[in-house]
Amino acid sequence: MPLAHKIGSLLFCPSCGTLLDLPQDDQDTVVCEQCKHVEPASSYENIEITTRSHPDAFPSPLRQAKKTQTKKLESHEFRERVAERCPECGHGEAYFKQLQTRGADEGSTNLYTCISCGYGWQLNN
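Residues numbered from 1 in each chain as written. Predicted model: local features only at pLDDT ≥ 70, side-chain atom pairs only at ≥ 80, totals over all residues. Heavy atoms only, no water.

K.L.:
Would you mind going over the sheet that holds strand β6 (residues 94–99) in detail, with residue names and values included?
P.N.:
Reading across the sheet, the four strands line up as β5-β6-β7-β8 and stay open at both edges, with antiparallel pairing between neighbours. Only two strands of the sheet have a single neighbouring strand rather than two, namely β5 (80–82) and β8 (120–124). Strand-to-strand twist in this sheet, taken as the mean axis angle between neighbours without regard to direction, amounts to 40 degrees. Inspection of the sheet shows β5 paired to β6 by three bridges, in the antiparallel sense. From the neighbouring strand, R81 faces β6, where its bridge partner is Y95. (Pairing = 2+ DSSP bridges. Helix = DSSP H or I, 4+ residues; strand = E, 2+ residues; numbered from the N terminus. Axes fitted to C-alpha atoms, helices over the stretch in contact; angles between N-to-C directions.)

Laid out in structure tokens, this is it:
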């Protein structure tokens, strides 16, 4: 009786190539669901199983916050000045730009950049 083909930590039926299930604690054999080949449970002994996940596979709010970047404005793309207090440094004047980033039936988005420290923030109308 030929033994299962091992690829990494997986065992495949030597007759039909089907992936074999793991044996349960009380089983001495594993039966292939396709061709009914009987594999001894001892074939699974001393198999090292290693799993790896990409860091982005499980997104979290903390990881997303780390990816958020604040753009420090070097040029004065926001030319209009308004009296708006900076939440970062408390300065009372900022450059202002208004954009329609949401639906036409919703308010516009106001983008501010502090004249003093360059911190950027937005407010939705």
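Moving on, there is more to tell.
K.L.:
Any details on the environment of C32? Residues and values, ideally.
P.N.:
Tracing the backbone through its elements, the reader meets C32 in the loop between β3 (29–31) and β4 (38–40). Take C32: its relative accessible area is 1%, and that puts it in the buried class. In this structure, C32 is in contact with C13, C16, T18, L20 and H37, ignoring residues within four places of it in sequence. (Buried < 20%, exposed > 50% of the residue type's maximum accessible area, 1.4 Å probe, protein only. Contact = heavy atoms within 4.5 Å.)

K.L.:
Account for the pattern of salt bridges, with residues named and values stated.
P.N.:
What the rule picks out here adds up to one salt bridge. A salt bridge links R81 to E93, with the nearest nitrogen and oxygen atoms 3.7 Å apart. With R81 in strand β5 and E93 in the loop between β5 and β6, this residue pair connects regions lying 12 residues apart in the sequence. The partly exposed category is assigned to R81, whose relative accessible area is 46%. (Salt bridge = Lys/Arg side-chain N within 4 Å of Asp/Glu carboxyl O.)

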